[in-house]
Structure formats: structure tokens, C-alpha cells
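One-letter residues, chain by chain:
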Amino acid sequence: MKVLVAESSGVCFGVRRALDLLEESVEQAALENEKVVMLGPLIHNPRVVDKYSQKGVHVVDAKSVPEKGVIVVRSHGVIKQTEDTLNKNQELKIVDTTCPYVKRIHQLVQKKSSMGIAIVVMGDEDHSEVKGITSRIEGPFLVIAPELEEDALETLRDFLITNGRVFVVAQTTSRSANYKKLVKEIKKVFPDRKKVDVSQTICSATLKRQDSARELASRVDAMVVVGGRNSSNTSKLFQLLKADKRDAFWVESPKDFSKDEIRELKTLPTVGITAGASTPDDQIMEMKEFLEKL
Ligand code: F3S
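Residues numbered from 1 in each chain as written. Predicted model: local features only at pLDDT ≥ 70, side-chain atom pairs only at ≥ 80, totals over all residues. Heavy atoms only, no water.

(A) Examining the overall build of the protein chain more closely. Looking only at helices and strands, the protein chain has eleven helices and twelve strands in total. Seen through its principal axes, the protein chain has C-alpha atoms that stretch 60 × 55 × 25 Å. Counting every position in the protein chain, which comprises 294 residues, the buried fraction comes to 52%. Counting only contacts in the protein chain whose residues sit at least 6 apart along the sequence, the fraction spanning at least 24 positions is 71%. Here the protein chain displays about 14,700 Å² of accessible surface, and carbon together with sulfur accounts for 49% of that area. (Helix = DSSP H or I, 4+ residues; strand = E, 2+ residues; numbered from the N terminus. Buried < 20%, exposed > 50% of the residue type's maximum accessible area, 1.4 Å probe, protein only. Contact = heavy atoms within 4.5 Å. Areas by Shrake-Rupley, 256 points an atom, 1.4 Å probe, with all protein chains shown as cover.)

Listed below in C-alpha cells is the structure:
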């Protein structure tokens, strides 16, 4: 079997930075005999989080933050209230790995909402990134799911009419086609451009991985998407390929393939691999070697 890896796939700048900061913190803490914990899983990749857990770096939540030691804040960021509480504790060393692109959204919504402008956030309201964003909004806001279902659109129209002017952002891992549709819907209500301020907040790493996965999918018999089941951008890659009617598998490791899937893969002459922005290179290489041996 010929196995090709999408030109743009795997860890992005933000995740690489988070992993580097965590590694540095663990080394430094060992020298100073301090304990390190992660506030929330550092990245959405259970295999990486398990690896650190085995080294004694456990995941804690906002309610179980230790009194002292080193706390590494995850790359998706935390809600403002948690950040404020951490900052009050002088005994804690805080290593904030929040991706600078996520921080930029925090700053934008805080600034615009403090000017009295209502905010529309496209994203998954249960995702930690979206919770972090909305916690910094100082006035009215609406989170709208990317599917833009009719009920949600009605709520959006009411929100726009009530507030008269909006600032619009999207979760960094959103699909650009969905964001364009949302902006189109908003402009139907507000044809006057002065009432709508749209910020391009979808991360280019996400867009590049999406384009690259699509391009490779057009040249192979099936695609394997490697990445955490809890990774939003990995999920989007898979959904995109499915929406394009491509044969695609989504696994965290080769162990996740069922016997039927292995049987199917063995019949294919060419398979492509793509991976979410939280999938380290070694996991991609492991998959490549596994498929090549089939
Ligand atoms: Fe940051 Fe983009 Fe990665 S927002 S964490 S560089 S996917």
C-alpha cells in the first residue's frame, strides 16, 4: 500500500508552543523539587496527556488547584474567573500556554463588549475555548452552533434586532464555509455594513490542514484522520472529508481500527493520512508505518 501524508497536518504553532512550555516546566520543577499539574488537559490528545500523567503531571480542574507548585494552563485557555483566582495565589507559578490566537479573541471580545457592542460567537458552547471567550464578554452575547439550524437562526435574528449592532468572532477551529454562511445571514438582517464588524478568527493552521486534507483526499482511495476523539479540529477534518463523500477513518492510534476496517484498508492501493493540530509527529509516523506494513 502506498501511504501519503497531507502536506499540512499535525501539531500547529500553538500546540508545539504548549508542549515546549510544559516540557520546560517539568524539567525546571524537577530541579527545584516542585510538583507540576495541568489545569485541564494541556491539548486535546489523550495519548499525550497520559504520557505526562505517567510522569506524575496530572490534570486538575479549577476546583482542585493545589495551593502551591507549578500550574500549566491548557492551550485552549480558561475562563476569566479561573484566571483571576489563579493570579491571586502568590504561591503558585503559572505557566500559561493559552495559544496567542485564542488570547487575541479574548482581547477582542473584551474590548468590543466594553464599548457596548453585542458579540456573536460561532462555535460549540460546551467547548473550553468558547467558554473562555464568552467569560470575557462584558455585555450581551450569543453563541451560535456552526450548523446554523433554523431555530438558531431565528434566535440570531432576534438577538441582532434587539442589539442593533454586533461584533462577530468564530472559534479558532471553525470551518470557514460555516462562518461565511453565518456572516451572510447577519448581513441579511443588517445590510448596513456599519452595524456588523466581523473578525477573521479562524486559525490559519486549521484552514491549511482542512485544504491539505481535501487536496490529498482527491488523490487517494481513503483517508485516515489521526487525532484525539476530543479534538475539535480533528473532528472537523473528519467531517469535512465525510461531507465531500470521501472514504475516511478517524482513529487515535492503529489499535483503534476494527478487524473489518483493517480488511478494507488492505484492499486499497493508496491511503492518505491527515492529523489534527494536536497530534504530534510521532503519532503520524506510527500510523504511516502501520499502514505501510498492511
Ligand atoms: Fe492556536 Fe491555531 Fe493551534 S488557534 S492552538 S495555532 S489550531
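There's more to say after this.
(B) Structural context of the site of the ligand. Taken together, C12, G14, C99, Y101, T172, C203, T206 and A277 make up all the residues around the ligand. A class-by-class count of the residues in the shell around the ligand yields five nonpolar, three polar and no charged. (Near = heavy atom within 4 Å. Nonpolar A, V, L, I, M, F, W, Y, C, P; charged D, E, K, R; others polar.)

(C) Expanded view of the nonpolar core. If you look at the biggest cluster of nonpolar residues, it comprises 22 residues, and the most contacted ones within it are L19, L22, M38, L42, Y52, V57 and V72. With six residues, the single largest contributor to this core is helix 1 (residues 13–31). Counting 19 residues, the second-largest nonpolar core is a separate cluster that includes F159, L182, V196 and I202. (Core = buried A, V, L, I, M, F, W, Y, C linked by side-chain atoms within 4.5 Å.)

(D) Seen up close, the sheet that holds strand 9 (residues 196–198). Strands sit in the order 7-6-8-9 across an open sheet of four strands; the sheet is parallel. Across the chains shown, the open sheet's two edge strands, defined by having one partner strand only, are strand 7 (141–144) and strand 9. Within the sheet, the average angular offset between the axes of one strand and its neighbour, ignoring direction, is 20°. When strand 6 (residues 118–122) meets strand 8 (residues 166–170), the two strands line up parallel, connected through five bridges. (Pairing = 2+ DSSP bridges. Axes fitted to C-alpha atoms, helices over the stretch in contact; angles between N-to-C directions.)

(E) Expanded view of the sheet that holds strand 11 (residues 248–251). With respect to topology, four strands assemble into an open sheet ordered 1-12-10-11, the strand pairing being parallel. The strands lining the two open edges of the sheet, one partner per strand, are strand 1 (2–5) and strand 11. Recorded for the sheet is a direction-independent mean angle of 25° between the axes of neighbouring strands. Across four bridges, the pairing between strand 10 (residues 222–226) and strand 11 is parallel. Residue V226 lies in a different strand from strand 11, and its bridge partner there is V251. Contacts between helix 8 (residues 204–217) and the sheet are confined to strand 1, strand 10 and strand 12 (270–275), with strand 12 contributing the most and set at about 175° to the helix.

(F) Structural detail: the packing of aromatic side chains. Considering all chains together, one arrives at four aromatic pairs under this definition. Between the aromatic rings of F238 and W250, the centroid separation amounts to 5.7 Å while the plane-to-plane angle is 40°, which identifies the pairing as tilted. Taken together, the positions of F238 in helix 9 (residues 232–243) and W250 in strand 11 put the pair twelve residues apart, joining distant regions of the chain. For the pair formed by F238 and W250, the shared burial category is buried. (Phe/Tyr/Trp six-rings, centres within 6.5 Å; stacked < 30°, edge-to-face > 60°.)

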